[in-house]
Amino acid sequence: MHPAAFVPHPSLGWEGELSALASHLEGKRIALLTGAGCSTESGIPDYRGEETSRRARNPIQFRDFVRDEGGRRRYWARSVLGWPRFLRAEPNRAHLSLAALEARGLVRGVITQNVDRLHTRAGSRRVVELHGALEEVTCLSCGHVEHRGHLQERLLAANPSWLDREAEIAPDGDAELEGDVLQSFRVLGCERCDGVLKPRVVFFGEGVPRPTVDAAWSIYEESDCLLVVGSSLAVFSGYRFVRRAALEGKPVFLVNVGATRADAVATHRVQGTAGEVLERLTALLG
Ligand code: NAD
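Residues numbered from 1 in each chain as written. Predicted model: local features only at pLDDT ≥ 70, side-chain atom pairs only at ≥ 80, totals over all residues. Heavy atoms only, no water.

## A closer look at the nonpolar core
- Judged by nonpolar contacts, the single largest core of 27 residues is most densely connected at Tyr75, Trp76, Leu134, Leu155, Phe185 and Leu197.
- For this core, the secondary structure elements donating two or more residues are helix H3 (69–88), strand E4 (132–139), helix H6 (148–158) and strand E6 (197–201).
- Broken down by element, the residue count for this core peaks at 7 residues, all from H3.
- Judged by nonpolar contacts, the second largest core, of 24 residues, contains Val107, Cys225, Val277 and Leu278. (Core = buried A, V, L, I, M, F, W, Y, C linked by side-chain atoms within 4.5 Å. Buried < 20%, exposed > 50% of the residue type's maximum accessible area, 1.4 Å probe, protein only. Helix = DSSP H or I, 4+ residues; strand = E, 2+ residues; numbered from the N terminus.)

So this is what it looks like as structure tokens:
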């Protein structure tokens, strides 16, 4: 069975769309799926928003990171520049509203594609980080986990005045920096065994770990509907939840500024910024 395809109601208007969403969600157990659009109001750019999709992005592939020392140098040299801004980002109204809905028992849990840990900082308790979190770094040889902030201090000690560079900050804590300057960057190994360090995030070309996927499916299965906030759903690891919901006839609700891959199967969609929509929605569901 398929849920009714999303057809915007011509006469409802924004307020009407919002009240309709609140009515749909009333008394339901909600599984949340969030993406980069949830954090743009915290100052972290998304990948496929109106502005960002115009800029070409070339994120490192897992294979290149593991095999190629030059690839790793490029990654860390840029990441050191991007980290301070990423660290300064604070949870916004969207994160806080979602945490409040969980505390009231409406939201069963958050499945997030974001790597910024802002849901947890906002007070959400049951959060599945599908793509990991930038806050931790792991050694590919001995498995030792180091806090990213600690590694930042070590990298800056090895590369003094690296932060003096001006660079545009990219969505994933990365920064735009190219050319010969990268060659001078000193990459560090694990503080225990000198093995290769990798941020604990899922790179392109790498799979989401099985226990993480299972934890996400548990949230989905315990819920009556799926609410997707701030995701284009272009990435399959998030889209799979919508696909199964569509197959099973579980209602899918969308809150997003731009178009998404699920517009045709959504039960209802509110077009707007996550902060405003979720704050209003939380009040309506009060
Ligand atoms: P995406 O960039 O593909 O899509 C973001 C969507 O959010 C767009 O459709 C955009 O129109 C919408 N949007 C932007 N601002 C919004 C707002 N204020 N309110 C509502 N909607 C808004 O992001 P995605 O679907 O999450 O996929 C991107 C991938 O990149 C993910 O896998 C994620 O791991 C990674 N990523 C993470 C972060 C982060 O941790 N904050 C940031 C960028 C990318």
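From this point, things continue past the structure.
## Side note on the pairing of strand E8 (residues 252–256)
- In terms of burial, E8 is largely enclosed, as 5 of its 5 residues are buried.
- Burial along E8 is two-sided: the residues Val252, Leu254 and Asn256 and Phe253 and Val255 are all buried.
- Summarising the sheet, strand E7 (residues 225–229) and E8 pair through 4 bridges and their orientation is parallel. Its bridge partner being in E8, leucine 227 is matched across the sheet by phenylalanine 253. (Pairing = 2+ DSSP bridges.)

## Description of the sheet that holds E6
- An order of E5-E4-E6 is seen for the 3 strands of this open sheet, with the pairing classed as antiparallel. Two strands bound the open sheet, and with one partner strand each, they are strand E5 (145–147) and E6. For this sheet, the mean inter-axis angle between neighbouring strands, taken without regard to orientation, is 40 degrees.
- Judged from the 3 bridges that link them, E4 and E5 form a sheet pairing that is antiparallel. Its bridge partner being in E5, valine 137 is matched across the sheet by glutamate 146.
- Relative to the sheet, H3 contacts E4 and E6, its axis offset from that of E4 by approximately 140 degrees.
- In this fold H6 packs onto E4, E5 and E6, with an angle of close to 75 degrees to the strand it touches most, E5. (Axes fitted to C-alpha atoms, helices over the stretch in contact; angles between N-to-C directions. Contact = heavy atoms within 4.5 Å.)

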